[in-house]
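What follows is the residue order along each chain.
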Amino acid sequence: MPGFELFGDEERKEVNDVLESGVLFRYGFDEARNGHWKAREFEVELSNITKAKHSLLLSSGTAADTIALQACGIGAGDEVIIPPFTFVATFEAVLALGAIPVFAEIDETLNLSPEGIKQAITDRTKAVVPVHMCGSMAKIDEIRNVCQEHDLFLIEDACQAFGATHKGKYAGTFGHIGCFSFDSVKTCTCGEGGAIITDDKWVYVAADQLADHGHDHIGENRGADGHPVIGFNYRTNELNAAVGIAQIRKLDKILEIQRKNKKILKDAIKDIDGVSFRHIPYEEGDSATFLTFLLPDETSAKRVNKALADGGVDSCAYWYDNNWHYYKQWHHLHTLTSINKLPQIGMENLPDYKNIKLPKSDELISRAISMQIKLSWTDSQLKERAEKFANIIRENI
Ligand SMILES: *Cc1c(COP(=O)(O)O)cnc(C)c1O
């Protein structure tokens, strides 16, 4: 997954353009910047890749999630359906807007399930945020149908799935907005960064204003004359954008290596009795940032995970016990512990996060292990890894 493994001259060249001009701001300074508009260039490149009409580079993926919800008009008291298997940023974005995260079950894709969404819909539901976890996509066609039937905004958190496709169409382009992260450990990195993409001009205009203090960006210079809305600062800058440009130009290469490496590891374990894999609705389009496999039960998954770590097969994650990516360990959310008073506190029907029951998700995640696919493994390292990986699973399953 990490683009930082392919880091070098290209990034240095782009960053040098910015350092030489001394213009770090993404807007204005037309003379001084020597023709370099790195943030804009990144956005053009991102639209070229995803075929989305509009792209907006932001300061982080969390900013992208937040702006996406806000640009769709999500605010205080609105319910937003999200999966329990995601990074904490997804619910943070919902909470930041005064809205209410509502968890729905995942399915064998390990992403939000269309059925789970249907069961979680209430009169207050405004949006659904499927998260394409670990680089593999949800059943996005069916999810889109559910959203259309119920007139809900569909916002894809594709932060971990940059470059993944479903039947040739890019993750992030199925709903009203798609969100990406370009933080330091994602498929491509800006150092810190994120982006939204959309085909909807008005959603884009709203996002563009919200991300920069509500400035309308019309007219000369930065076009900061009018303030159609109250905004915030989720801007990026030229340095981060410069790194990102060099990185997204390497996307095809990154995906190619990941897919090749993943296949070798998958083939090594696919015939072991009791091993199965998460369902990927369109496997060809998988970004292959991770190989995720399932063991027969929780005990066996824990045993295999420990044996892999003890045996020196690194880069594996057992999400069920992990306090970044699974709701079970999000104690701060369970208790709604915040420095200030959350607007949601006291709201009628706020879910009791301590006692959420998601048996289907628990059953799946308790059996799942993911191995992060690295770009830098040599052929011999990969061969050795595949053998060790298979042997340890066979002996401990
Ligand atoms: C990384 C990530 C984010 C947040 O991105 P940042 O750029 O780190 O703020 C949001 N959602 C998911 C699923 C992520 O993996």
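These remarks concern the structure in this document. Keep in mind that what you see is a predicted model, and the values were worked out from it rather than measured.

Some details on the nonpolar core
Then, number 1: One finds L69 and F389 to be the most contacted residues of the largest nonpolar core, which totals 92 residues.
Then, number 2: Among all residues touching L69, those that are not within four sequence positions of it are I74, V80, A93, V94, L97, A127, V129 and I155.
Then, number 3: In terms of nonpolar packing, the next biggest core, distinct from the first, is built from 30 residues, A39, M137, A158 and I248 among them.

Some words on the site of the ligand
Then, number 1: The immediate surroundings of the ligand are formed by 16 residues, with G61, T62, S181, D183 and K186 found nearest.
Then, number 2: The separation between an oxygen atom of the ligand and a polar main-chain atom of G61 is 2.7 Å.
Then, number 3: S181 is positioned such that a nitrogen or oxygen atom in its side chain is 2.7 Å from an oxygen atom of the ligand.
Then, number 4: When isolated, the ligand has an accessible area of 380 Å², and the protein chains bury 94% of it.
Then, number 5: When contributions to the shell around the ligand are tallied by element, the ones reaching two or more residues are α3 (61–71) and α4 (89–96).
Then, number 6: Looking at side-chain class alone, the shell around the ligand contains four nonpolar, eight polar and four charged residues.

Side note on the sheet that holds strand β5 (residues 153–157)
Then, number 1: Pairing is mixed in the open sheet, where seven strands are placed in the order β1-β9-β8-β5-β4-β2-β3. The open sheet terminates on both sides in strands that have one partner only, identified here as β1 (54–58) and β3 (100–103). In this sheet, neighbouring strand axes are inclined to one another by 25° on average, regardless of whether the strands run parallel or antiparallel.
Then, number 2: Of the pairings in the sheet, the one linking strand β2 (residues 79–82) to strand β4 (residues 125–128) comprises three bridges and is parallel in character. By the bridge assignment for β4, E79 is matched with T125.
Then, number 3: Lying over the sheet, helix α2 (residues 38–50) contacts β1, β8 (177–181) and β9 (194–198), oriented at roughly 130° with respect to β1.
Then, number 4: On top of the sheet, helix α7 (residues 201–210) reaches β1, β8 and β9; it is set at about 20° to β1, its chief contact.

Structural notes on the sheet that holds strand β12 (residues 316–317)
Then, number 1: With antiparallel pairing, four strands are arranged side by side in an open sheet as β10-β11-β13-β12. Lying at the two open borders of the sheet, with one neighbouring strand each, are β10 (276–277) and β12.
Then, number 2: Across five bridges, the pairing between strand β11 (residues 290–294) and strand β13 (residues 368–372) is antiparallel. Counted as the bridge partner of F293 is I369 from β13.
Then, number 3: Against the sheet, helix α9 (residues 251–269) contacts β10, β11 and β13, and its axis sits at roughly 20° relative to β11.

Quick word on the pattern of salt bridges
Then, number 1: All chains considered together, the criterion is met by 30 salt bridges.
Then, number 2: Linking R124 and E79 is a salt bridge whose minimum nitrogen-to-oxygen distance equals 3.3 Å. Taken as a pair, R124 in the loop between α5 (114–120) and β4 and E79 in strand β2 lie far apart in primary sequence, 45 residues in all.
Then, number 3: For D362, the salt bridge goes to K328, with nearest N and O atoms at 3.3 Å. Of this pair, D362 sits in helix α12 (residues 359–365) while K328 sits in the loop between β12 and α11 (331–334); the two residues are 34 residues apart in sequence, bridging distant segments of the chain.
Then, number 4: The network of salt bridges with common partners includes K13, E14, D17, K38, E41, E45 and R249.

Remarks on the packing of aromatic side chains
Then, number 1: Tallied over the entire structure, the rule returns 18 aromatic pairs.
Then, number 2: Ring geometry for F42 against F182: centres 5.1 Å apart, planes inclined by 80°, an arrangement best described as edge-to-face. With F42 in helix α2 and F182 in the loop between β8 and β9, this pair connects stretches of sequence that are 140 residues apart.
Then, number 3: Ring centres of F103 and W330 lie 6.1 Å apart, and the angle between their planes is 45°; this geometry places the pair in the tilted category. Of this pair, F103 sits in strand β3 while W330 sits in the loop between β12 and α11, and the two are 227 residues apart along the sequence.
Then, number 4: On the accessibility criterion, F103 (10% relative accessible area) is buried.
Then, number 5: An aromatic cluster is present here, built from F91, F103, Y318, Y320, Y326, Y327, W330 and Y353 joined pairwise through their rings.
Then, number 6: Between the NZ or CZ atom of K169 and the centre of the ring of F174, over which it lies, the distance is 5.2 Å.

So, how was this worked out
Residues numbered from 1 in each chain as written. Predicted model: local features only at pLDDT ≥ 70, side-chain atom pairs only at ≥ 80, totals over all residues. Heavy atoms only, no water. Core = buried A, V, L, I, M, F, W, Y, C linked by side-chain atoms within 4.5 Å. Buried < 20%, exposed > 50% of the residue type's maximum accessible area, 1.4 Å probe, protein only. Contact = heavy atoms within 4.5 Å. Near = heavy atom within 4 Å. Polar contact = N/O pair within 3.5 Å; in protein donor to acceptor, adjacent residues only side chain to side chain. Areas by Shrake-Rupley, 256 points an atom, 1.4 Å probe, with all protein chains shown as cover. Helix = DSSP H or I, 4+ residues; strand = E, 2+ residues; numbered from the N terminus. Nonpolar A, V, L, I, M, F, W, Y, C, P; charged D, E, K, R; others polar. Pairing = 2+ DSSP bridges. Axes fitted to C-alpha atoms, helices over the stretch in contact; angles between N-to-C directions. Salt bridge = Lys/Arg side-chain N within 4 Å of Asp/Glu carboxyl O. Phe/Tyr/Trp six-rings, centres within 6.5 Å; stacked < 30°, edge-to-face > 60°. Lys NZ or Arg CZ within 6 Å of the ring centre and 35° of its normal.

By themselves, these figures tell us nothing about what the structure is for.
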